[in-house]
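Here's the letter readout for the chains.
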Amino acid sequence: MRVITTVKEMQSEVIKQKGQGKSVGFVPTMGFLHEGHLSLIKKARKENDLVVLSIFVNPLQFGPNEDFATYPRDFERDRALAECEGVDFLFHPSVEEMYSNPSSVTLVVQARTDVLCGKSRPGHFDGVATVLTKLFHIVQPTRAYFGKKDAQQVAVVEGLITDLNFPVELVPVDIVREADGLAKSSRNVNLLPEDRQKAVVLHKSLLQAKKLIGEGERKPDALISLIKEMITSESSGRIDYVEILSYPELLPLERIEGKFIIALAVHFTNVRLIDNFILEMD
Ligand code: AMP
């Protein structure tokens, strides 16, 4: 595995490899790798000749009061894990390498951002779209791998790839969970022990909503109320949102039908967690 820190070297290496007819699987991350990230890498490894992993904590996608400074980082550990998974190139640029200061061009996402995380994190998806546009130009992947844990991100990336005509295949990958159901996240290490224990209610409430749908419940409001009640009574988490929307369009639903997402975000003492189920009615 080779660690690359400059845009120029990454681009020239990938152009050389693609010239030899190789397919490139790309896994963009912010590092502090866990099994969720590793499942993306494993899938990319299986489906491509070459695997590029990027580790870049992107300042553009953090709001002024968010956790950019305290976002967990451990490059040496990440490097060892990436090597074990058979990554070919680990792209690890500095902020200065990625952005001119000030930037003269950034992107604004026009749809799918006025709900869920987009509503409470203004500008977040503009930052995601800008960094991914740059990374797609730098890495020139055949396929790009994204976790369904960030389901709104998958929806936004689908729009980005379609609208800006990137010759990239988007590959969404299932959520990897801890044994008790909590979705794996780099931020979980910052949870206080009692919050970590109580955070299991996020997954539990989604399971309960799914069960009620199976029993015939079709009213989004009733399901949202149930989830909110469970979270409030079983934890001290402060709910940011619980929403049920069509997927991937992310439009409001009067009734449960078609393909839809039940998504939630909850603030614990010092960490905001997200989770979701994407379901489809027959
Ligand atoms: P991040 O480092 O948080 O930006 O995540 C990098 C990629 O890993 C994103 O596509 C995430 O959706 C994905 N990811 C993060 N956590 C999980 C998980 N628990 N299961 C599957 N994919 C995940």
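Going by the structure above, here's the rest.
Described in the following lines is the structure provided in the data block.

The rules behind each value
- Residues numbered from 1 in each chain as written.
- Predicted model: local features only at pLDDT ≥ 70, side-chain atom pairs only at ≥ 80, totals over all residues.
- Heavy atoms only, no water.
- Near = heavy atom within 4 Å.
- Polar contact = N/O pair within 3.5 Å; in protein donor to acceptor, adjacent residues only side chain to side chain.
- Areas by Shrake-Rupley, 256 points an atom, 1.4 Å probe, with all protein chains shown as cover.
- Helix = DSSP H or I, 4+ residues; strand = E, 2+ residues; numbered from the N terminus.
- Nonpolar A, V, L, I, M, F, W, Y, C, P; charged D, E, K, R; others polar.
- Pairing = 2+ DSSP bridges.
- Axes fitted to C-alpha atoms, helices over the stretch in contact; angles between N-to-C directions.
- Contact = heavy atoms within 4.5 Å.
- 1 Å grid on protein atoms, 1.4 Å probe; cavity = no way out; pocket = protein on both sides within 12 Å on 5 of 7 lines; lining within 4 Å.
- Points joined across faces, edges and corners; volume = space filled by probe spheres on them.
- Parallel < 35°, antiparallel > 145°, perpendicular 65-115°, else oblique.
- Buried < 20%, exposed > 50% of the residue type's maximum accessible area, 1.4 Å probe, protein only.
- Salt bridge = Lys/Arg side-chain N within 4 Å of Asp/Glu carboxyl O.

This part takes up the site of the ligand. The environment of the ligand is formed by 17 residues, the closest being Met30, Gly147, Asp150, Val176 and Lys184. In the environment of the ligand, a nitrogen atom lies 2.8 Å from a nitrogen or oxygen atom belonging to the backbone of Val176. Here a nitrogen atom of the ligand sits 2.8 Å away from a polar atom, N or O, in the main chain of Lys184. For the ligand, the protein covers 93% of the area, taking 480 Å² as the surface of the free molecule. Of all the secondary structure elements, the ones that give two or more residues to the shell around the ligand are strand E2 (24–29), helix H2 (35–47) and strand E5 (143–147). With 3 residues, H2 is the single largest residue contributor to the shell around the ligand. Looking at side-chain class alone, the shell around the ligand contains 7 nonpolar, 6 polar and 4 charged residues.

Another aspect to go through is the sheet that holds strand E8 (residues 259–267). Read across the open sheet, the 3 strands follow the order E7-E8-E9; overall the sheet is antiparallel. The sheet terminates laterally at strand E7 (238–246) and strand E9 (272–280), the two strands that pair on one side only. Sheet twist, expressed as the average angle between the axes of neighbouring strands with direction ignored, equals 10°. Pairing of E7 with E8, which is carried by 8 bridges, proceeds in the antiparallel orientation. Looking at E8, one finds that Ile244 is bridged to Ile262. Sitting on the sheet, helix H9 (residues 200–214) is in contact with E8 and E9, with an inclination near 20° to E9. The strands that helix H10 (residues 220–234) touches are E7 and E8; relative to E7, the one it contacts most, it runs at about 155°.

Counted according to the given criterion, the structure contains 1 cavity of 30 Å³ or more. For the largest cavity, the calculated volume is near 40 Å³. The element best represented in the lining of the largest cavity is E9, accounting for 3 residues.

At a minimum axis distance of 7 Å, the contact between helix H1 (residues 7–19) and helix H6 (residues 124–139) shows a crossing angle of 50°. With respect to H6, the axis of H1 lies oblique. Contacts from Val7, Met10, Gln11 and Val14 in H1 reach His137, Ile138 and Val139 in H6. Per-class residue counts for the contact of H1 with H6 are 5 nonpolar, 2 polar and no charged.

Here Val271 is to be found in the loop between E8 and E9. Taking relative accessible area as the criterion, Val271 reaches 4% and is therefore assigned buried. Separated by 96 residues in the primary sequence, Val271 and Ile175 place their C-alpha atoms 19 Å from one another.

Let's shift gears to the side chain of Thr29. Here Thr29 shows up in strand E2. Judged by relative accessible area, Thr29 falls into the buried class, the value being 8%. A polar contact is formed between the side chain of Thr29 and the backbone oxygen of Ser54, at a distance of 2.9 Å. Not counting chain neighbours up to four residues away, the residues in contact with Thr29 comprise His37, Leu53, Ser54, Ile55 and Phe56.

Applying the stated rule across the entire model yields 22 salt bridges. The shortest N-O distance in the salt bridge between Glu47 and Lys43 comes to 2.8 Å. Taken together, the residues span about one helical turn, with Glu47 and Lys43 both in helix H2 at a distance of 4 residues. Take Lys43: its relative accessible area is 28%, and that puts it in the partly exposed class. The shortest N-O distance in the salt bridge between Asp174 and Lys148 comes to 2.7 Å. One end of the pair, Asp174, is in the loop between strand E6 (169–173) and helix H8 (193–198); the other, Lys148, is in the loop between E5 and helix H7 (151–163), with 26 residues separating them in the sequence. Residue Lys148 is classed as partly exposed on the basis of its relative accessible area, which comes to 27%.

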